[in-house]
Structure formats: structure tokens, C-alpha cells
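An overview of the molecular structure
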Amino acid sequence: MKVYTLSGLSGSGKTTAKAYADRLGYETVSVGATVRRAYRERGRAESIGEFVLRVHETDGRAQFTREAVTTLADRVSNRPESPEGIVVEGVHSPASVRTVRNEFGTGRVVWIHAPLAARLERLEQRESTCRPSELLARDLRELNSGLAELAAPFGHDYYLSNGRTRGEFERQLDALLG
């Protein structure tokens, strides 16, 4: 079975890639959605970024990926037929990649890149208060928590560029996932 992890900075197109995989018949899960759910259930009076850092310190960098992968593995095992493949969206560290590979026996890392201006434009549509300084601070936090190791030339198996049109990005996705 094909297993992919999607990594990239905020606004790079990971969620778009996950939705495309859904349309192709992949079983998918979003680590980011798992983080947001956990924050609603277990968060304190701290920001979501502080919550993530606290969980990483206490439970390890792969904690949210473990939770997402457990949910995904349960869904896959309960399906009457095998999915086209598996996509775990929002993997942010080598430890998280190992979690996916330990569960499914394999996992190819897909790094999705988009220029800062394109990412900022996308995030402004999604989050009404996203400013360049906030995005750069988020980028640094994510890169320092393990994402930089996946962005490095030998940290990923595939590289997709999402700086132009959605159609061009989907053609790349189709070549990889289709």
C-alpha cells in the first residue's frame, strides 16, 4: 500500500493535497486537526503554539502524530476494502515520520513548498488576523520543532512546489498519488 506523509510550512498546501488524496480514494488524517481537537479538550489558558510545545516537551514530538495515526489505523482496519493508499497530513518531525512507518511499515515524506507571499495570502483568507510577523514566528517555531529536518534536501522523498496555480499543483499531486 502507498503511504505518504505531507509536510510543509503553514499555508504551503498540505490540506489541499490531503483533500486531493481523499478524492482519489486514499484514507487520510490531519495531524493539525488532531492538535486542534486536543487543544479544545486539554488546552489551558495558553496559546495553541504554547500548548503544542508543552505537549512535545512532556510526551514527545510525535504525540499528536501517534494520536492521528491510531485513529487512521482504526479506520483502515474497519474498511471493507483496502484504500488506494494512506496520507498523513501535517507531519512535522522525523520522530513523527518514524511513527507512521512503524504503524504502516512504510511512509514516503512529501515536502510541499510555497513562497512566503503565496502562503501569507492563503492564510489571510483562512485566518483573518494573520500578519507577516506572526507567520514568520510560526515558521520559526515549526522549523525549530523538527520540521527543518524534513525540509532539508535529504529529509524528504518527494518535493512539490505550490507557488503557482491550483491546477499546476494538482497535476503534481496526480503524478505522485494517481
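Predicted model, so just to flag it, every value in this text is computed and none were measured. (Residues numbered from 1 in each chain as written. Predicted model: local features only at pLDDT ≥ 70, side-chain atom pairs only at ≥ 80, totals over all residues. Heavy atoms only, no water.)

So, the sheet that holds strand S4 (residues 108–113)
On the basis of which strands lie adjacent, the open sheet formed by five strands has the order S2-S3-S1-S4-S5 and parallel pairing. Since the sheet does not close on itself, it has two edges, and those belong to strand S2 (27–30) and strand S5 (158–161), each with one partner. For this sheet the average axis-to-axis angle between neighbouring strands, irrespective of direction, equals 20 degrees. Sheet topology places S4 next to S5; four bridges connect them, and they run parallel. Its bridge partner being in S5, tryptophan 111 is matched across the sheet by tyrosine 159. (Pairing = 2+ DSSP bridges. Helix = DSSP H or I, 4+ residues; strand = E, 2+ residues; numbered from the N terminus. Axes fitted to C-alpha atoms, helices over the stretch in contact; angles between N-to-C directions.)

Describing the environment of arginine 126
Among the structural elements, arginine 126 can be located in helix H6 (residues 116–126). A relative accessible area of 53% means that arginine 126 is categorised as exposed. The spacing of arginine 126 and arginine 164 is 38 residues in sequence and 18 Å in space, taken between C-alpha atoms. (Buried < 20%, exposed > 50% of the residue type's maximum accessible area, 1.4 Å probe, protein only.)

Notes on the side chain of glutamate 89
Its location among the elements puts glutamate 89 in strand S3 (residues 85–89). Lysine 14 is the oppositely charged side chain nearest to the buried, salt-bridge-free glutamate 89, at an N-O distance of 5.1 Å. At 2.7 Å, the side chain of glutamate 89 forms a polar contact with the side chain of serine 30. What glutamate 89 contacts, discounting residues up to four positions off in sequence, is Leu6, Lys14, Thr15, Lys18, Val29, Ser30, Val31 and Gly32. (Lys, Arg positive; Asp, Glu negative; His and termini not counted. Salt bridge = Lys/Arg side-chain N within 4 Å of Asp/Glu carboxyl O. Polar contact = N/O pair within 3.5 Å; in protein donor to acceptor, adjacent residues only side chain to side chain. Contact = heavy atoms within 4.5 Å.)

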